[in-house]
Amino acid sequence: DQQVKQNSPSLSVQEGRISILNCDYTNSMFDYFLWYKKYPAEGPTFLISISSIKDKNEDGRFTVFLNKSAKHLSLHIVPSQPGDSAVYFCAASPRGSQGNLIFGKGTKLSVKP
Amino acid sequence: EAGVAQSPRYKIIEKRQSVAFWCNPISGHATLYWYQQILGQGPKLLIQFQNNGVVDDSQLPKDRFSAERLKGVDSTLKIQPAKLEDSAVYLCASRLTAVGGEQYFGPGTRLTVT
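Computed from a predicted model, the values in this text were never measured in an experiment.

Engineer: When you look at the overall build of chain B in this model, what are you seeing that I'm missing?
Structural biologist: Along the backbone of chain B there are 0 helices and 11 strands. Taken from N to C terminus, the helices and strands of chain B fall in the order β-β-β-β-β-β-β-β-β-β-β. Its C-alpha atoms give chain B a radius of gyration of 13 Å, within 12% of the compact-globule value 13 Å for 114 residues. Judged by the C-alpha coordinates and their principal axes, chain B covers about 40 × 25 × 25 Å. Going through the 114 residues of chain B one by one, you find that 44% of them count as buried. Residue pairs in contact within chain B that sit at least 24 positions apart in sequence constitute 53% of those at least 6 positions apart. Here chain B has roughly 5,600 Å² of accessible surface; of this, 52% comes from carbon and sulfur atoms. Both charge centroids of chain B, one from 13 positive and one from 10 negative side chains, sit 5 Å from each other.

In structure tokens form, the structure reads like this:
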């Protein structure tokens, strides 16, 4: 049973446009959410996070939105750049888990010049 | 600051053989994690160490997998004997403390079991 779901395996956008990656979760005990980016043959790299007490967190071109009632979060990249092409993983940490992460399956983003 | 180091990067073995992976976390990071990432899936936690003690190994298949972090720094993950379904990338990650802050991942070891 997948607790963190990324229903879009892939996404293609044009350079300069907005990329929106979506993530749904089922466990109401999750209180911390993260996005990781992964290039081929490399380990995942932390991108941005959000606590369940917030509904938005912004870092440069990256913004994460959290809708607790819908158990949904999204990552917005504006403007998208070719270097953003990678697999993006949504991850969640249950309250009291000492930081253990449960990952989604990932969404492969392709940004075309 | 040096990142998380893992070796080997690639390993091919036959089923029923044994294999070991090594991880050196970022200096000073007390918490260390091993993940298994099967192709097309997200990483799945196998075991978490806090210094040299095990915090969570609930998802580690203990009949064939073992891990240790004897001096609270380096860690090894062993599979004995390997099965075809163990083919995956094994990722090591570390974090400064048990709570708060992000996990930093190594490049992973890609294991192929034939």
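Engineer: I would appreciate a short explanation of the packing of aromatic side chains in the present structure.
Structural biologist: Two aromatic rings are characterised by how far apart their centres lie and by the angle between their planes. According to the stated counting rule, one finds 13 aromatic pairs over all chains in the structure shown. Taken together, the ring pairs in this structure connect A:Tyr36, A:Phe46, A:Phe89, A:Phe103, B:Tyr33, B:Tyr35 and B:Phe105 into an aromatic cluster.

Engineer: Whenever I open this one, the sheet that holds strand β6 (residues 56-59) of chain A confuses me. Can you help?
Structural biologist: Residues and elements named next belong to chain A. A sheet is described by the order of its strands in space; here 5 strands give the open sequence β1-β3-β8-β7-β6, paired in antiparallel fashion. In the strand order of this sheet, the two ends are held by β1 (4-5) and β6, each with one partner. In terms of strand pairing, strand β7 (residues 62-67) meets strand β8 (residues 72-77) through 6 bridges, oriented antiparallel. Considered in β8, the bridge of Leu66 is made with Leu73.

Engineer: Could you clarify how one ought to interpret the nonpolar core in this entry?
Structural biologist: One recurring pattern in soluble globular proteins: nonpolar side chains tend to sit buried together. In terms of nonpolar packing, the biggest core is built from 23 residues, with A:Phe33, A:Trp35, A:Leu73, A:Leu75, A:Ile77 and A:Tyr88 touching the most fellow members. Mapped onto this core, the elements with two or more residues apiece are β3 (19-25), β4 (30-38), β5 (45-51), β7, β8, β9 (86-94) and β11 (107-112) of chain A. Here this core takes 4 residues from β9(A), the largest share from any one element. B:Val4, B:Trp34, B:Phe49 and B:Ala82 belong to the second largest nonpolar core, which has 21 residues in total.

Engineer: Whenever I open this one, the interface of chain A and chain B confuses me. Can you help?
Structural biologist: How big an interface is tends to be expressed through the accessible area that disappears when the partners come together. Taken together, the 16 residues of chain A in the interface contact 22 residues of chain B. Where chain A abuts chain B, roughly 1,400 Å² becomes buried across the two surfaces, and 53% of that area is made up of carbon and sulfur atoms. Joining chain A to chain B, the criterion identifies 0 salt bridges. There are 3 residue pairs in polar contact (both at pLDDT 80 or more) connecting chain A and chain B.

Cut-offs applied
- Residues numbered from 1 in each chain as written.
- Chains lettered and ligands numbered in written order.
- Predicted model: local features only at pLDDT ≥ 70, side-chain atom pairs only at ≥ 80, totals over all residues.
- Heavy atoms only, no water.
- Helix = DSSP H or I, 4+ residues; strand = E, 2+ residues; numbered from the N terminus.
- Rg over C-alpha atoms; globule rule 2.2 N^0.38 Å.
- Buried < 20%, exposed > 50% of the residue type's maximum accessible area, 1.4 Å probe, protein only.
- Contact = heavy atoms within 4.5 Å.
- Areas by Shrake-Rupley, 256 points an atom, 1.4 Å probe, with all protein chains shown as cover.
- Lys, Arg positive; Asp, Glu negative; His and termini not counted.
- Charge placed at Lys NZ, Arg CZ, Asp CG, Glu CD.
- Phe/Tyr/Trp six-rings, centres within 6.5 Å; stacked < 30°, edge-to-face > 60°.
- Pairing = 2+ DSSP bridges.
- Core = buried A, V, L, I, M, F, W, Y, C linked by side-chain atoms within 4.5 Å.
- Buried area = accessible area lost by both parts, 1.4 Å probe.
- Salt bridge = Lys/Arg side-chain N within 4 Å of Asp/Glu carboxyl O.
- Polar contact = N/O pair within 3.5 Å; in protein donor to acceptor, adjacent residues only side chain to side chain.

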